[in-house]
Amino acid sequence: MIVKVRNLVKRYGDLIALDHLSFSIKEGEIFGLLGPNGSGKTTAINCILSLLKYDKGEIEVFGEPMTPEAYHIKRNIGIVMQNVAVFNELTVYENIDYFCGLYIKDKNLKKQLVEETIEFTGLNEYRNFRPKKLSGGLLRRLNIACGIAHKPKLIILDEPTVAVDPQSRNKILEGIRKLNSKGATIIYTSHYMEEVEQICSRIMIIDKGKAIATGTKEELKAMISLGEKITVESYDVSGEQLARLKQLPNIVSVEYSNPLIEIKSSKGKNNLENVLEFIKKENIPFGKIYSELPTLNDVFLEITGKELRD
Amino acid sequence: MFAHIFMNRLRCLLRDKETIFWTFAFPLALSLFFYLALSNIGKGETFQEIDIAVVNDSRYQEDLYFKTALEEASKGEDRLFDLTLATEEEAGKLLENGSIKGYIKAGDQIELVVKESGMYQSIIKSFLDNYSQTFKAVETVLRNDPKKYQEVMESLKDRKNYVKEVPTAGGKPDIVINYFYTLIAMACMYGSFFGMRETSDIQADISPLAARINIAPVHKLKAFLSSICASMLIHLVVMLALLGFIRYVLNIDFGPRTGYVLLTMVIGSITGVFFGAFVSALVKKSEGIKVAVLIGVSMLGSFLAGMMYIDIKYLISMNVPFLSWINPVNLLTDAFYSLYYLDDLSRYALNIGVLSGFATLFCVLTYLILRRRKYAGL
């Protein structure tokens with residue numbers, strides 16, 4: 001195991017930030033920590049990094065207890081903070097060189113790693129720019145570059161795509177996959193379920209400091225009763241028709257918010273076919289019809305009773 | 001690792017325009033302002049010879065004692081009067097057109113004619129009164145007991161001095177230099193901006209940048225030491241430049257003890273940097289609030305040390321001496337003052353000793369706060 005967390009408890013006065021949190025991360029995984037803002041993701045990361053005192057629990061990294069003095073462990077960890085943490089007075093190159101230099105003593109190796117990182121993050125043409133001249137997306141990329149330049153075995157990315165444009169977000173996610181393919185184990189925290197779903201091999205959903213579900217995205221979706229979500233666009237449907245629609249087999253709920261009818265069904269066959277037949281039979285005029293599989297938000301919603309985005 | 005952090009830190013600090021402004025440009029501009037505003041202070045008080053006239057008639061020519069006394073007072077570099085011999089009519093015209101402050105008519109009763117009263121007129125009158133009294137005293141003695149002539153003359157020479165002479169370091173009395181000393185002391189304390197930055201960039205609970213550095217495999221205090229050495233170097237160079245500017249461009253004299261002046265500056269700078277480091281470690285507020293605290297404390301200290309009004313320094317020293325001893329700006333100002341004016345170094349040593357104590361205290365307290373490796377909250 002690369003990381004092992006057992007019964008981690010962290011309190012801020014009366015508030016329990018982490019409530020007996022336990023999880024393990026295997027080598028080569030992209031492990032997603034998914035949860036709404038304030039759920040305890042960053043607190044858990046700070047405890048793993050031995051920045052934050054915790055009340056109870058054990059943390060092991062690379063098979064050894066993590067302490068502030070465990071420099072041999074720290075040497076193999078790269079961190080990309082939620083907030084951009086770079087020197088405003090240093091250029092892109094100098095920033096990466098500075099942080100890489102805290103891990104790598106050999107000057108030639110350091111130079112090579114810095115060049116590789118600049119290339120990897122696509123910052124070559126901005127190498128002499130100061131952070132203030134970079135766009136939000138480029139700044140995030142610089143933040144990532146400073147955390148990964150020393151080629152760590154474990155990379156922790158704490159919400160690295162917050163306030164980033166879609167193009168930069170895709171580049172960042174693509175970069176994370178590449179790092180993983182080169183052998184790095186990754187911990188990725190986010191409240192964007194689409195991102196987590198897109199890149200993580202295993203996900204832990206966390207809420208109010210508690211782990212509420214852990215598994216692959218398929219495993220997580222299999223945990224809930226929702227099988228399909230069918231949306232029908234219609235401007236003319238009566239209350240009686242909606243009530244009859246709800247009587248169809250496997251249909252769990254029907255909600256109408258003009259012009260969309262949202263139908264949720266449990267797992268089962270021919271759900272979409274049954275709905276289509278009903279609409280035809282009832283002569284309900286309709287526009288678009290589409291069906292979606294459950295998302296991690298649905299998983300979160302079913303387990304906690306609230307939206308992940310709340 | 002030390003060199004890596006040190007060099008990068010130098011780069012960061014030299015490019016930090018705000019810190020450079022407060023630590024260098026601001027004191028430099030203020031010193032120039034002081035120079036322009038205060039350069040005439042003292043010059044107005046330089047004594048100028050008083051233009052007078054004496055009515056050159058037979059009474060004056062015959063009164064040899066008075067004539068000699070007046071001529072003596074109008075001779076040499078340190079003369080009291082610029083004397084003109086004139087007729088009474090000419091003297092009246094000279095007085096009328098302002099060429100002289102007054103004119104004298106010799107006789108049994110020496111007369112002074114002035115157009116207005118003022119400092120110069122008082123000096124002329126004082127001189128004449130003094131002459132008349134002395135002359136009368138000698139005349140009386142000679143009339144009553146001529147044998148005592150020699151004794152009287154000796155006693156006239158032997159005037160008692162009620163002012164105790166203190167050996168000086170050779171500095172000429174100059175009220176203006178104190179303003180520059182407080183300014184240099186304030187600039188030393190502005191090193192606190194460097195100290196503040198160093199603490200902010202190493203305390204994980206203050207900034208994300210510091211958190212990132214804390215996660216790196218570098219001993220926290222080693223990283224802090226490397227950074228603060230860079231800060232110290234820049235602050236010393238800045239202070240040296242400021243001192244050079246004040247000494248050689250503005251021609252403000254610091255006396256002959258250059259080595260001690262530099263030592264004072266070094267200790268002052270160390271105190272300033274560690275003061276900022278301590279305040280920043282202690283006050284868990286935004287950078288803006290910390291800057292406000294540092295500027296506030298430095299300015300208040302400078303005010304109490306007499307930067308805006310020189311008499312404050314003496315009022316505080318006389319009435320609330322404790323405040324003088326806990327004010328680093330005052331200790332520095334007083335150290336410079338002692339070096340300039342006093343031959344004896346004991347007062348200087350006391351100031352520097354107390355200041356070094358403060359520097360050590362700030363350093364130890366900063367260490368005690370910074371040595372924390374884990375934080376209760378971030």
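Residues numbered from 1 in each chain as written. Chains lettered and ligands numbered in written order. Predicted model: local features only at pLDDT ≥ 70, side-chain atom pairs only at ≥ 80, totals over all residues.

**Some points on the interface of chain A and chain B**
Alright, step 1. With 24 residues of chain A at the contact, the number on the chain B side is 22 residues.
Alright, step 2. If you list the elements that add at least two residues to the side of chain A that touches chain B, you get helix H2 (71-74), strand E6 (77-80) and helix H3 (92-101) of chain A.
Alright, step 3. Here the side of chain A that touches chain B takes three residues from H3 of chain A, the largest share from any one element.
Alright, step 4. Of the residues belonging to the side of chain A that touches chain B, the class tally is 15 nonpolar, four polar and five charged. (Contact = placed C-beta atoms within 7 Å. Helix = DSSP H or I, 4+ residues; strand = E, 2+ residues; numbered from the N terminus. Nonpolar A, V, L, I, M, F, W, Y, C, P; charged D, E, K, R; others polar.)

**Overview of the domain arrangement of chain B**
Alright, step 1. When cut into domains, chain B gives domain 1 (2-41 + 174-370) and domain 2 (49-157).
Alright, step 2. Each of domain 1 of chain B and domain 2 of chain B has a C-alpha centre, and the two are 57 Å apart. (Domains from an automatic or database assignment.)

**Points about the sheet that holds strand E11 (residues 226-233) of chain A**
Residues and elements named next belong to chain A.
Alright, step 1. An order of E12-E13-E11-E14 is seen for the four strands of this open sheet, with the pairing classed as antiparallel. A strand with exactly one partner marks an edge of an open sheet, and here the two such strands are strand E12 (251-257) and strand E14 (289-292). Strand-to-strand twist in this sheet, taken as the mean axis angle between neighbours without regard to direction, amounts to 15°.
Alright, step 2. As paired elements, E11 and E14 share four bridges and run antiparallel to each other. Bridge pairing in E14 links valine 232 to isoleucine 289.
Alright, step 3. Together, E11, strand E13 (260-266) and E14 form the strand contacts of helix H10 (residues 271-282), whose direction differs from that of E11 by roughly 30°. (Pairing = 2+ DSSP bridges. Axes fitted to C-alpha atoms, helices over the stretch in contact; angles between N-to-C directions.)

**Comments concerning the sheet that holds strand E1 (residues 50-55) of chain B**
What links the strands of a sheet is backbone hydrogen bonding, and the strands pair in either a parallel or an antiparallel sense.
All names here are of chain B.
Alright, step 1. Judged by pairing direction, the sheet is mixed, and its four strands sit side by side in the order E2-E1-E3-E4 without closing on themselves. Two strands bound the open sheet, and with one partner strand each, they are strand E2 (81-86) and strand E4 (111-114). Neighbour to neighbour, the strand axes of the sheet diverge by 25° on average, direction disregarded.
Alright, step 2. Examined bridge by bridge, E1 and strand E3 (residues 102-105) share three bridges and lie parallel to one another. Across the sheet, residue alanine 53 finds its bridge partner in E3, namely tyrosine 103.

**Digging into the domain arrangement of chain A**
Alright, step 1. Assigned domains within chain A: domain 1 (3-221) and domain 2 (225-293).
Alright, step 2. Once you take the C-alpha centre of each, domain 1 of chain A and domain 2 of chain A turn out to be 42 Å apart.

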